[in-house]
Amino acid sequence: MPPAPGDRDARREDVSETVWQVLADKGFGGLTLRAVAAAMGVSTGMLMHYFPTKRALITHALGLLEKRTAERPRRARPAAGLATVRVMLLDILPLTPDDTARNRIWVSSWDLSLADEGLTTEQADRYTRLRATLLPHLEAARDLGELPAGADADLEQLAATAVAFTHGLVVQALFDPARFPEEVQIAMLDAFLGSLFGP
């Protein structure tokens, strides 16, 4: 029997928290209805009232991951321009245990997203939104004269390059944390930004 509407709403947060715990422990590869049900101490049948298919569970998990990413603590934004671009990119890197866990979950989702056309589109849209958040700050940098001559020719391409570098560094830091501790990641990001924009 399906849960009553009030019970369903009350249980949704518990379900979401358990989905997050399974993701943190096992990644998307271990995210199954059975794993979530076992972690909650309920039957798979009960859980299927919330997620009738594994794809529904994955879609929920991706939405939950995006929400938690958006709500995470962030560094204070300094003055407009390149200083804020730097801080925004630092907020992406796995510099703390929580950021590392969140990035591990994101990376583990890529295989599933690449195998599903709808999820591929959603992931591409996330990257579009991420690049778009950098654009106003790159425009401010241009207006402040912080970009070297010619660097502002295509700000969208600059945003894409910055995101591509940062996410490449995320992957390396996840696979080889001893080689890429916090101070190395920050130094590499600063060197990269210096190569794009000058000191």
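Residues numbered from 1 in each chain as written. Predicted model: local features only at pLDDT ≥ 70, side-chain atom pairs only at ≥ 80, totals over all residues. Heavy atoms only, no water.

Peer 1: Any details on the overall build of the chain? Residues and values, ideally.
Peer 2: A tally of regular secondary structure across the chain gives nine helices and zero strands. For the chain, the N- to C-terminal ordering of α and β elements is α-α-α-α-α-α-α-α-α. By the burial criterion, 39% of the 199 residues in the chain qualify as buried. Summarising the internal contacts of the chain: among those between residues at least 6 apart in sequence, 66% fall at separations of at least 24. Taken as a whole, the chain presents about 10,600 Å² of accessible surface, with 57% of it coming from carbon and sulfur. (Helix = DSSP H or I, 4+ residues; strand = E, 2+ residues; numbered from the N terminus. Buried < 20%, exposed > 50% of the residue type's maximum accessible area, 1.4 Å probe, protein only. Contact = heavy atoms within 4.5 Å. Areas by Shrake-Rupley, 256 points an atom, 1.4 Å probe, with all protein chains shown as cover.)

Peer 1: Give me the lowdown on the pattern of salt bridges, citing residues and values where you can.
Peer 2: Evaluated as defined, the whole model comprises seven salt bridges. Note that Glu 66 is salt-bridged to Arg 129, the shortest N-O span being 2.4 Å. One end of the pair, Glu 66, is in helix 4 (residues 54-71); the other, Arg 129, is in helix 7 (residues 117-143), with 63 residues separating them in the sequence. Using a relative accessible area of 28% as the deciding quantity, one classes Glu 66 as partly exposed. Asp 143 serves as the salt-bridge partner of Arg 142, at 3.2 Å between the closest nitrogen and oxygen. Take Arg 142: its relative accessible area is 34%, and that puts it in the partly exposed class. (Salt bridge = Lys/Arg side-chain N within 4 Å of Asp/Glu carboxyl O.)

Peer 1: Can you tell me about the environment of Ala 159, naming the residues and giving the values?
Peer 2: Tracing the backbone through its elements, the reader meets Ala 159 in helix 8 (residues 155-175). Between the alpha carbons of Ala 159 and His 137 there is a distance of 9.8 Å; along the sequence they are 22 residues apart. Not counting chain neighbours up to four residues away, the residues in contact with Ala 159 comprise Arg 131, Leu 134, Leu 135 and Leu 138.

Peer 1: Provide a residue-level description of the packing of aromatic side chains, including the pertinent values.
Peer 2: Taken as a whole, this structure holds one aromatic pair when the rule is applied. A ring pair is formed by Phe 165 and Phe 192, whose centres lie 4.0 Å apart and whose planes are at 5°; its orientation type is stacked. Taken as a pair, Phe 165 in helix 8 and Phe 192 in helix 9 (residues 182-197) lie far apart in primary sequence, 27 residues in all. The exposure class of Phe 165 is partly exposed, given its relative accessible area of 23%. When its relative accessible area of 13% is taken as the criterion, Phe 192 is described as buried. Positioned above the aromatic ring of Phe 180, the side-chain terminus of Arg 179 is 4.8 Å from the ring centre. (Phe/Tyr/Trp six-rings, centres within 6.5 Å; stacked < 30°, edge-to-face > 60°. Lys NZ or Arg CZ within 6 Å of the ring centre and 35° of its normal.)

Peer 1: Run through helix 2 (residues 33-40), naming residues and quoting values.
Peer 2: Those residues of helix 2 not exposed but buried are Leu 33, Ala 35, Val 36, Ala 37 and Met 40. Gly 41 lies just past helix 2 and shows a positive phi near 75°.

Peer 1: Pulling in residues and values, what's your account of the environment of Leu 135?
Peer 2: Tracing the backbone shows Leu 135 in helix 7. Considering only alpha carbons, one finds Leu 135 and Leu 95, 40 residues apart in sequence, at a separation of 24 Å. The contact partners of Leu 135, leaving out residues within four places of it in the chain, are Leu 155, Glu 156 and Ala 159.

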